[in-house]
Amino acid sequence: NVTVWTDDDYWVDGAKDHEQRNFRITNETLPAYAQDRLVYRQKIFYHGCLKQLKTENRTWTAVVDADEYIAFNYLDESSSEGP
């Protein structure tokens, strides 16, 4: 089951300018504001996503950024090294 969200599905306006839904990043936007916007957007998305998953009675969730990954190491039974 995959649900596709847009900003309208989870956005909550914050107190600062860059936390407002109608804030736009332009060539004049300071890099720090653009970064703060990204961090705020990610925070409220994760909050909304985890809240939704809780209503679906999910028992665990891995939160992974697009630039991160999970790799599973398999135990080599023939190795004498421990896990």
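None of these values were measured; they are calculated from a predicted model.

What counts as what
- Residues numbered from 1 in each chain as written.
- Predicted model: local features only at pLDDT ≥ 70, side-chain atom pairs only at ≥ 80, totals over all residues.
- Heavy atoms only, no water.
- Patch = residues over 30% accessible without salt bridge, like charges linked within 9 Å, V, L, I, M, F, W, Y side chains within 5 Å.
- Areas by Shrake-Rupley, 256 points an atom, 1.4 Å probe, with all protein chains shown as cover.
- Salt bridge = Lys/Arg side-chain N within 4 Å of Asp/Glu carboxyl O.
- Helix = DSSP H or I, 4+ residues; strand = E, 2+ residues; numbered from the N terminus.
- Buried < 20%, exposed > 50% of the residue type's maximum accessible area, 1.4 Å probe, protein only.
- Expected span 1.5 Å × (residues − 1).
- Contact = heavy atoms within 4.5 Å.
- Phe/Tyr/Trp six-rings, centres within 6.5 Å; stacked < 30°, edge-to-face > 60°.

Trainee: How do you make sense of a nonpolar patch on the surface when you look at a structure like this?
Mentor: A surface patch of nonpolar side chains, about 510 Å² in accessible area, is lined by V64, I70, F72 and Y74. By secondary structure assignment, the location of Y74 is in the segment after α2 (31-55). The class of Y74 is exposed, set by a relative accessible area of 74%.

Trainee: Quick question: what am I supposed to make of α2 here?
Mentor: The periodicity of an α-helix, 3.6 residues per turn, causes residues three or four places apart in sequence to face the same way. With 25 residues, α2 extends 36 Å from end C-alpha to end C-alpha; this agrees with the ideal 36 Å at 1.5 Å per step. Residues R37, Y40, I44, G48 and L53 constitute the buried set of α2. For α2, the secondary structure elements touched by its buried residues are α1 (7-10). Following α2 by one or two positions, N57 adopts a phi angle in the positive range, close to 60°.

Trainee: Looking at this model, I keep getting lost on the packing of aromatic side chains. Mind explaining?
Mentor: In this description, an aromatic ring pair is defined by two values, namely the gap between the centres and the angle between the planes. Taken as a whole and assessed by the stated rule, the structure comprises five aromatic pairs. Summarising the aromatic geometry, the rings of Y10 and F45 are spaced 5.0 Å apart at their centres and angled 80° between planes, so their arrangement reads as edge-to-face. Of the two residues, Y10 is situated in helix α1 and F45 in helix α2; the sequence distance between them amounts to 35 residues. With a relative accessible area of 9%, Y10 lands in the buried category. Residue classification places F45 among the partly exposed positions, given a relative accessible area of 28%. Judged by centre distance (6.3 Å) and plane angle (55°), the ring pair of F45 and Y46 falls under tilted. You can call Y46 partly exposed: its relative accessible area is 23%. Taken together, the ring pairs connect W5, Y10, F45 and Y46 into an aromatic cluster.

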